[in-house]
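Chain by chain, the residues:
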Amino acid sequence: MTTHSRTVFFISDGTGITAETFGNAVLAQFEMKPRHVRLPFTDTVDKAHQAVRHINHTAELEGVRPIVFTTLANMDVLEVIETGCKGMLLDMFGTFVRPLEIELGVKSNHRIGRFSDVSKSKEYNDRIAAIDFSLQHDDGQSNRDLEGADVILVGVSRSGKTPTSLYLAMQHGLKAANYPLIPEDFDRRQLPPALTPHRKKIFGLTIQPDRLSEIRNERRPNSRYASLENCRHEVSEAEAMMRRAGIRWLSTTTKSIEEIATTILQELRPERLTY
């Protein structure tokens, strides 16, 4: 008996990000725990035959056909998969791109991968610059160039600022800084002075105190920093400060990074709601 309900293959002649993102979105509709097998850069017929052998061997071992998501622009490679594999094949380009070619009356460019020829991609270079900016401005490390920030996240320590900043940079090319609200800020009852000129760019993150205490205890067990009493105090003070400052904010307690980032984009930069 296997511990997973089905093996799922993601096959692409590029990185496989598109296949896996779409496939996971579809699979999330079902109560199952699939085993993921990623086969990126399947860009030759020989590699396609290797993939087929892997899929078919899995089918024989498990006694049930694997699910196979593909984003293959090379038709020769795709033909090997289509004719040889014993899995349930879900060809995303065949499902979506070819019907669109018919509807639009034009051929697609059959570009292999989202990151093809990155040296000529302004979007790609902008994302690299945004990641660099976000790393330099993580956890209040630097006050320099804040006028260049697209968004500044504030909140108590461990409320989700760093992963959200990096996600905004990596996925949406936003220069995201983040600042922790600390006891000195609560004593002053004001935002950190360096942030005041950039109030319109600030977005607040908060979290339920009991969840915050759990997270902090993983890092510093049995410390005052992680105590429920201290977490309640910090969260209460931070939320009061954000209300006084008129800052938009949300609770990260039950939200994924993707949901948090989308909410921030809707509020601050709706024109950047692109993948």
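See the structure shown above.
Predicted model, so just to flag it, every value in this text is computed and none were measured.

Caption draft 1: Region of the structure containing the sheet that holds strand β4 (residues 88-91). One open sheet holds the four strands; their spatial order is β2-β1-β3-β4, and the pairing between them is parallel. Looking at which strands have only one partner, the edges of the open sheet turn out to be β2 (35-39) and β4. For this sheet, the mean inter-axis angle between neighbouring strands, taken without regard to orientation, is 20 degrees. Bridge analysis of strand β1 (residues 7-12) against β2 gives five bridges, and the strand direction is parallel. Bridge pairing in β2 places Val-8 opposite His-36. Lying over the sheet, helix α1 (residues 17-27) contacts β1, β2 and β3 (67-71), oriented at roughly 150 degrees with respect to β1. Against the sheet, helix α2 (residues 45-62) contacts β1, β2 and β3, and its axis sits at roughly 175 degrees relative to β1.

Caption draft 2: Broad picture of the packing of aromatic side chains. If you walk through the whole model with that rule in mind, you get two aromatic pairs. Considering the side-chain rings of Phe-22 and Phe-96, the 5.6 Å spacing of their centres and the 75 degrees angle between planes classify their relative orientation as edge-to-face. Of this pair, Phe-22 sits in helix α1 while Phe-96 sits in helix α4 (residues 92-104), placing them 74 residues apart in sequence. Here Phe-96 falls in the partly exposed class, since its relative accessible area comes to 43%. Across the ring face of Tyr-225, the terminal group of Arg-216 is positioned such that the distance to the ring centre comes to 4.2 Å.

Caption draft 3: Quick look at a nonpolar patch on the surface. A surface patch of nonpolar side chains, amounting to about 350 Å² of accessible area, comprises Phe-22, Val-26, Phe-30 and Phe-96. Residue placement: Val-26 occurs in helix α1.

Caption draft 4: View of helix α5 (residues 122-136). Over its 15 residues, α5 runs 21 Å from end to end, which matches the ideal 21 Å to within 8%, given 1.5 Å per residue. Restricting attention to buried positions, one finds in α5 the residues Arg-127, Ala-130, Phe-133 and Ser-134. The buried residues of α5 occupy one face: seen down the axis, they fall within an arc of 125 degrees. Those residues of α5 hidden inside the fold are in contact with α6 (161-172) and β6 (176-180).

Caption draft 5: Spotlight on the side chain of Lys-161. By the element assignment, Lys-161 lies in helix α6. No salt bridge is formed by the buried Lys-161; the nearest opposite charge belongs to Asp-139, separated by 5.0 Å. With residues up to four places along the chain from it excluded, the contact list for Lys-161 reads Leu-153, Val-154, Gly-155, Val-156, Asn-178, Tyr-179, Pro-180 and Leu-205.

Caption draft 6: Seen up close, unusual backbone geometry. Backbone geometry at Phe-41 places phi at a positive 55 degrees, although glycine is not the residue there. By secondary structure assignment, the location of Phe-41 is in the loop between β2 and α2.

Caption draft 7: The packing of helix α8 (residues 209-219) against helix α9 (residues 228-245), seen in detail. Across the interface, α8 lies against α9 with an axial gap of 8 Å and an inter-helix angle of 125 degrees. Taken together, α8 and α9 sit at an angle that is classed as oblique. Here α8 runs over α9; the crossing is right-handed. On the side of α8, the interface is formed by Pro-209, Asp-210, Leu-212, Ser-213 and Arg-216, while α9 contributes Leu-228, Asn-230, Cys-231, Arg-232, Glu-234 and Val-235. Of the residues contributing to the contact of α8 with α9, the split by class is five nonpolar, two polar and four charged.

Caption draft 8: Seen up close, the layout of surface pockets. Its volume calculated, the second largest pocket comes out at about 330 Å³. Looking at the second largest pocket, it is lined by 19 residues, and the ones nearest its centre are Asp-139, Ser-157, Arg-158, Arg-219 and Tyr-225. Those elements giving two or more residues to the lining of the second largest pocket turn out to be α6 and α8.

Caption draft 9: The arrangement of the sheet that holds strand β8 (residues 248-251) in detail. Strand order across the open sheet formed by four strands is β6-β5-β7-β8, with parallel pairing between neighbours. The sheet is open, and its two edges are formed by β6 and β8, each paired on a single side. Averaged over all pairs of adjacent strands, the angle between their axes in this sheet comes to 25 degrees, without regard to strand direction. Across four bridges, strand β7 (residues 202-206) lies against β8 in parallel orientation. Opposite Thr-206, over in β8, you have Ser-251 as the bridge partner. Sheet strands in contact with α6 are β5 (151-155), β6 and β7, and its direction is about 175 degrees off that of β6.

Procedures and definitions
- Residues numbered from 1 in each chain as written.
- Predicted model: local features only at pLDDT ≥ 70, side-chain atom pairs only at ≥ 80, totals over all residues.
- Heavy atoms only, no water.
- Pairing = 2+ DSSP bridges.
- Helix = DSSP H or I, 4+ residues; strand = E, 2+ residues; numbered from the N terminus.
- Axes fitted to C-alpha atoms, helices over the stretch in contact; angles between N-to-C directions.
- Contact = heavy atoms within 4.5 Å.
- Phe/Tyr/Trp six-rings, centres within 6.5 Å; stacked < 30°, edge-to-face > 60°.
- Buried < 20%, exposed > 50% of the residue type's maximum accessible area, 1.4 Å probe, protein only.
- Lys NZ or Arg CZ within 6 Å of the ring centre and 35° of its normal.
- Patch = residues over 30% accessible without salt bridge, like charges linked within 9 Å, V, L, I, M, F, W, Y side chains within 5 Å.
- Areas by Shrake-Rupley, 256 points an atom, 1.4 Å probe, with all protein chains shown as cover.
- Salt bridge = Lys/Arg side-chain N within 4 Å of Asp/Glu carboxyl O.
- Expected span 1.5 Å × (residues − 1).
- Arc of directions from axis to C-beta.
- Lys, Arg positive; Asp, Glu negative; His and termini not counted.
- Parallel < 35°, antiparallel > 145°, perpendicular 65-115°, else oblique.
- Left-handed = near helix turned anticlockwise from the far one by under 90°.
- Nonpolar A, V, L, I, M, F, W, Y, C, P; charged D, E, K, R; others polar.
- 1 Å grid on protein atoms, 1.4 Å probe; cavity = no way out; pocket = protein on both sides within 12 Å on 5 of 7 lines; lining within 4 Å.
- Points joined across faces, edges and corners; volume = space filled by probe spheres on them.

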